[in-house]
2 protein chains.
Amino acid sequence: MCYASIMDTRLDPTPIATPPPTADEVLITLVRHGHRVTGPRRAVLDAVLAKPRPFTAEQLVAELGDSRAGAPIGRATVYRTLEILASVDVLSRLIGADGHPSYVVGTPGHRHHLLCSGCGAAVSFTACPVDELVQTLTRDTDFAIHGHLLEVFGVCPTCQDDATTDGIGAGRGVAVG
Amino acid sequence: MCYASIMDTRLDPTPIATPPPTADEVLITLVRHGHRVTGPRRAVLDAVLAKPRPFTAEQLVAELGDSRAGAPIGRATVYRTLEILASVDVLSRLIGADGHPSYVVGTPGHRHHLLCSGCGAAVSFTACPVDELVQTLTRDTDFAIHGHLLEVFGVCPTCQDDATTDGIGAGRGVAVG
DNA sequence: CACCGAATGATACTTTGTGTCAATAATGCG
DNA sequence: CGCATTATTGACACAAAGTATCATTCGGTG
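Everything in this summary refers to the structure shown in the same document. (Residues numbered from 1 in each chain as written. Chains lettered and ligands numbered in written order. Predicted model: local features only at pLDDT ≥ 70, side-chain atom pairs only at ≥ 80, totals over all residues. Heavy atoms only, no water.)

Topic: the protein's contact with DNA strand D
And then number 1: Around DNA strand D sit 18 residues in total, of which Thr38, Arg41 and Arg80 of chain A together with Arg75 and Pro101 of chain B are the nearest.
And then number 2: Sugar and phosphate atoms represent 67% of those atoms of DNA strand D found within 4 Å of the protein.
And then number 3: At 3.1 Å from a phosphate oxygen of DNA strand D is found a side-chain nitrogen or oxygen belonging to threonine 77 of chain A.
And then number 4: Of all the elements in the fold, those that place two or more residues in the surface near DNA strand D are helix H2 (39-49) and helix H4 (75-87) of chain A together with helix H3 (57-65) and helix H4 (75-87) of chain B.
And then number 5: The element best represented in the surface near DNA strand D is H4 of chain A, accounting for 3 residues.
And then number 6: Its residues assigned to classes, the surface near DNA strand D comprises 8 nonpolar, 4 polar and 6 charged. (Near = heavy atom within 4 Å. Polar contact = N/O pair within 3.5 Å; in protein donor to acceptor, adjacent residues only side chain to side chain. Helix = DSSP H or I, 4+ residues; strand = E, 2+ residues; numbered from the N terminus. Nonpolar A, V, L, I, M, F, W, Y, C, P; charged D, E, K, R; others polar.)

See the structure below:
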């Protein structure tokens, strides 16, 4: 039920688990899925792959849609391209501590994220503790369970240090379930 | 870290775990928290307590803001009141399978929900499988973990029956992490 | 009852995202 | 290469969801 593998309980200590795919690799994937390779898509893709941490669609729109050298890219195109990239597993959709959706470059199978509410960094992990719960829930409720949503929020070591240095308590922010 | 108790691993088989508080009880709670008891707040509260399943803020706005007998209630007031009710634990905020936030009347401590993508029913449960994961994540990443978000999506028995009867596959809907 | 500040709600605005559709450009084919 | 076909684009309008402002109103206290 959990699309993330329960086998791998180890966590990657670095914000980006594996090197992101190259633009060319992704383009090949797109073609394989019947999509065309266009200029705007290349531009969106390049921008996306350059992002080390989660970003919102609007951030991308602002970045690509304004007076950049060359042709600005339309809002709709950015949204559509993000959707496509998510559908071919180049991007993961996730929900931030503020409840707003964002995207992050992620390797397939890495479905859950630990998010820093300070700097926005994301650590993806495959360990999924929900499967056992799903069995219990299925037994007790007779629901047909199709999926779940899990995000973990915290503050990364760097931001903890910064907070200490700045005299700002690290306990700010998130109060989620 | 998980505000839901890990002690109670049993699930309540009924959509509403415990009888919702009475309006008067809630009003007392509001006063205790330094809020005033006003007409609009009573109206919002009554509407909220009458809801057996999750609802969105906009639904309430539509319900209370239009040409109902008596004074229609402003959009801002509805949002503000929901915020207050959530802050005093009368309501839980949750995120539906479509990613949109909604509220549900919930008893404190019941922080996670199993949502039916057919009829919208919610089963709240306190079993939280994330605590162990949090320990692992804390050890491996040195994050200071402050919270998490967990929702489980599926189809309730009734909707499964309906789907079978209607010839509609039960496998529609949610494809979440 | 009068006062004070919290609360209200009309309005405008922001953010985030979707729908439409004529113009355009990417691929396949000859 | 040149053309036809069709996906794609992007400007625009629109919608949904929520926030900010602020003069007015109302609840509760003395």
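As for the environment of aspartate 24 of chain A
And then number 1: Relative to the elements of secondary structure, aspartate 24 of chain A occurs in helix H1 (residues 23-32).
And then number 2: With 18 residues separating them along the chain, aspartate 24 of chain A and arginine 42 of chain A place their C-alpha atoms 9.3 Å apart.

Re the protein's contact with DNA strand C
And then number 1: Near DNA strand C, the surroundings consist of 18 residues, among which Arg75 and Pro101 of chain A together with Arg36, Thr38 and Arg80 of chain B are the closest.
And then number 2: Of all DNA strand C atoms lying within 4 Å of any protein atom, the proportion belonging to sugar or phosphate reaches 67%.
And then number 3: Interatomic distance of 2.9 Å between a side-chain N/O atom of arginine 75 of chain A and a base nitrogen of DNA strand C.
And then number 4: Here a phosphate oxygen of DNA strand C sits 3.0 Å away from a polar atom, N or O, in the side chain of threonine 77 of chain B.
And then number 5: Of all elements in the fold, only helix H3 (57-65) and H4 of chain A together with helix H2 (39-49) and H4 of chain B reach the threshold of two or more residues within the surface near DNA strand C.

Let's talk about the packing of H3 of chain A against H4 of chain A
Residues and elements named next belong to chain A.
And then number 1: Closest axis-to-axis distance for the H3/H4 pair is 9 Å, and the angle between their directions is 130 degrees. With respect to H4, the element H3 is oriented oblique. As H3 packs across H4, the resulting crossing turns out to be right-handed. The residues of H4 that touch H3, namely those facing Ala57, Glu58, Leu60, Val61 and Leu64, are Arg75, Val78, Tyr79 and Leu82. (Axes fitted to C-alpha atoms, helices over the stretch in contact; angles between N-to-C directions. Parallel < 35°, antiparallel > 145°, perpendicular 65-115°, else oblique. Left-handed = near helix turned anticlockwise from the far one by under 90°. Contact = heavy atoms within 4.5 Å.)

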